[in-house]
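# Overview (structure and organization)
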Amino acid sequence: MLSDTQITAAKGIADLPPVESDSLLQLIGLANADKRPEKIDVGVGVYRDSIGRTPILRAVKAAEKRLWETQDSKGYLGGAGDTRFAELLRPIVLGEHARDDRIAGLQTPGGCGALRLGFQLVAATNPQARVIIGTPTWPNHQPIIHGVALEPVEYPYYDRASRSIRFDAMLSAIEGGRAGDVVLLHGCCHNPTGADLDAGQWAEVTRVIAKRGLLPFVDIAYQGFGRGLDEDAAGLRGILAACDEVLVAQSCDKNFGVYRDRVGALFIKTARRDATSNAMGHVLQLAREMWSMPPDHGAAAIRLVLEDEALTADWRAELITMRERIAEVRTRIAAADPRLAFIGEQFGMFSMLPFTREQVLKLREDHAIYMADSGRFNVVGMADDRIDDFVAAIVGAIDG
Ligand SMILES: Cc1ncc(COP(=O)(O)O)c(C=O)c1O
């Protein structure tokens, strides 16, 4: 029987305090509710084409049709999901390291699932490990790290005033790492700033990580949206060449446009094949406790794309189209005003405008332009025929 004190202390679900949710999720709700016809939603992180659609890629649609025609069972696949999918992804993500049998991978529910699972593995291996993380970063990184009770060590990655990476601060934070600490890195197309490390900076970061015995965890969610599939993975591959232990959280949700189908993979490298296979046993158990098995549909469709030469070629062509549109819109915005020139030198779907929260809210009220409170905006969030209006509004906001 419960004592009186236990009864008063017992809490019901109704006693929960309100949640402080990811402001980006709130923004999606606000943008959807705004019915003004001139609305421009550059808040949400999905690719939009020149007429403002987020289309299903041709190659994926063709694979889905084939899947519907040929899939003859929905029986369970197992905790690693579609193993052939993860195998076919290896050369795309890992390049020359695809043949390294000390690297194993498994399908996860998106990049988010891969990050959570990787950090869960770190927490199980070394609960004292700290996570060295640059700010600003994708707003779900910190909650995921917090969720597995690891301690974040933040450093300023980006200087909003000079619109450049604070590389000295980054290096000194990594230099300050203790053996076993994790260094979380964006593989390419940094979200939210669009400011990527150059080849020399990657080499320097890699050297210090290896020297200090740190564990690099590379989050690669936009491969192919920056400079090209191989170019965007070059930093990651350098890390794989230099470090014995590496984690990679990969997402297919953007570069195959299958956002809601939740497709990603976690790759684990250790110094020995048997140690990697033991670690895989652990992540399978951890995944079993969280989602048991990843959803099949999207990964199965991507497997069919990658198994078929013609579909793969078509996907690569569609990826180039997406990348070129991102670059073209960047060039157009950058050309509009010298103060926006930096946008032309950055990569991926996001850049950050030097706005205060008040300026962001005013743009929302006066022009129905929705961007994150931080000033992050999706460069391909609007159709081509809205770019001039967008630029005029943001230049107006800069002029005050
Ligand atoms: C940097 C970064 N990592 C990971 C993810 C997770 O992607 P997914 O939708 O595949 O979970 C995102 C998604 O926006 C992201 O921006």
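Since this is a predicted model, take the numbers as computed values, not measurements. (Residues numbered from 1 in each chain as written. Predicted model: local features only at pLDDT ≥ 70, side-chain atom pairs only at ≥ 80, totals over all residues. Heavy atoms only, no water.)

Our next topic: the overall build of the protein. Helix and strand counts for the protein come out as 15 helices and 13 strands. At 22 Å, the protein has a C-alpha radius of gyration in line with the 21 Å of a compact globule built from 400 residues. Taking the principal axes of its C-alpha atoms as reference, the protein extends roughly 65 × 60 × 50 Å. Put simply, the protein has 400 residues, and 53% of those count as buried. For the protein, the share of sequence-separated contacts (at least 6 apart) that also reach a separation of at least 24 residues comes to 75%. With the model as given, the accessible surface of the protein reaches about 18,400 Å², and the carbon-plus-sulfur share is 53%. Taken together, the 45 basic and 54 acidic charged side chains of the protein have centroids lying 1 Å from each other. (Helix = DSSP H or I, 4+ residues; strand = E, 2+ residues; numbered from the N terminus. Rg over C-alpha atoms; globule rule 2.2 N^0.38 Å. Buried < 20%, exposed > 50% of the residue type's maximum accessible area, 1.4 Å probe, protein only. Contact = heavy atoms within 4.5 Å. Areas by Shrake-Rupley, 256 points an atom, 1.4 Å probe, with all protein chains shown as cover. Lys, Arg positive; Asp, Glu negative; His and termini not counted. Charge placed at Lys NZ, Arg CZ, Asp CG, Glu CD.)

Once that is clear, we can look at the site of the ligand. Near the ligand, the surroundings consist of 13 residues, among which Asp219, Tyr222, Ser251, Asp253 and Arg262 are the closest. At a separation of 2.6 Å, a nitrogen atom of the ligand approaches a polar side-chain atom of Asp219. Asp253 places a polar side-chain atom, nitrogen or oxygen, 2.4 Å from an oxygen atom of the ligand. In the complex, 91% of the free accessible area of the ligand, which totals 400 Å², lies under the protein chains. The dominant element in the shell around the ligand, judged by the number of residues it contributes, is helix H5 (residues 110-125), at four residues. Of the residues contributing to the shell around the ligand, the split by class is five nonpolar, four polar and four charged. (Near = heavy atom within 4 Å. Polar contact = N/O pair within 3.5 Å; in protein donor to acceptor, adjacent residues only side chain to side chain. Nonpolar A, V, L, I, M, F, W, Y, C, P; charged D, E, K, R; others polar.)

Before going further, it helps to spend a moment on the pairing of strand S4 (residues 151-156). The sheet contact formed by strand S3 (residues 130-135) and S4 spans six bridges and is parallel. The partner of Gly134 across the bridge, within S4, is Tyr155. Between the parallel pair S3 and S4, the chain is carried across by helix H6 (residues 141-147), and the sense of this crossover is right-handed. (Pairing = 2+ DSSP bridges. Right-handed = clockwise from strand over helix to strand, strands pointing away.)

Most of strand S7 (residues 182-186) is tucked away, with five of its five residues classed as buried. Both faces of S7 are covered, namely the face carrying Val182, Leu184 and His186 and the face carrying Val183 and Leu185. Taken together, the five bridges between S7 and strand S8 (residues 215-220) define a ladder with parallel strand orientation. In the strand pairing of S8, His186 is matched with Asp219. Taken together, S7, helix H8 (residues 199-212) and S8 form a β-α-β motif whose crossover is right-handed.

What follows concerns the packing of H8 against helix H10 (residues 234-242). For the pair H8 and H10, interaxial distance at closest approach is 10 Å and the crossing angle is 30°. Between H8 and H10, the angle falls in the class roughly parallel. Where H8 crosses over H10, the handedness of that crossing is right-handed. Only Gly235, Leu236, Gly238, Ile239 and Ala242 of H10 make contact with H8, whose side of the interface consists of Trp202, Thr206, Ile209 and Ala210. The residue makeup of the contact of H8 with H10, split by class, is six nonpolar, three polar and no charged. (Axes fitted to C-alpha atoms, helices over the stretch in contact; angles between N-to-C directions. Parallel < 35°, antiparallel > 145°, perpendicular 65-115°, else oblique. Left-handed = near helix turned anticlockwise from the far one by under 90°.)

On the basis of which strands lie adjacent, the open sheet formed by seven strands has the order S2-S10-S9-S8-S7-S3-S4 and mixed pairing. With one partner strand each, in any of the chains shown, strand S2 (103-109) and S4 form the two edges of the open sheet. Sheet twist, expressed as the mean angle between neighbouring strand axes with direction ignored, is 20°. In the sheet, S2 pairs with strand S10 (residues 263-269) via seven bridges, with the strands oriented antiparallel. Paired with Gly105 across the two strands is Phe267, which belongs to S10. In the packing of helix H7 (residues 167-175) onto the sheet, contacts are made with S3, S4 and S7, and the angle to S4 comes to roughly 150°. Taken strand by strand, H8 contacts S7 and S8, and its axis lies near 165° from that of S7.

Moving on: the packing of H5 against helix H11 (residues 273-290). Running from amino to carboxyl end, H5 crosses H11 at an angle of 120°, the nearest separation of the two axes being 10 Å. By the angle between their axes, H5 is oblique relative to H11. Along this stretch, H5 crosses H11, giving a crossing that reads as right-handed. Contacts between H5 and H11 involve Arg116, Leu117, Gln120 and Leu121 from the former and Ala279, His282, Val283, Leu286, Ala287 and Met290 from the latter. Here the residues of the contact of H5 with H11 are counted per class, giving seven nonpolar, two polar and one charged.

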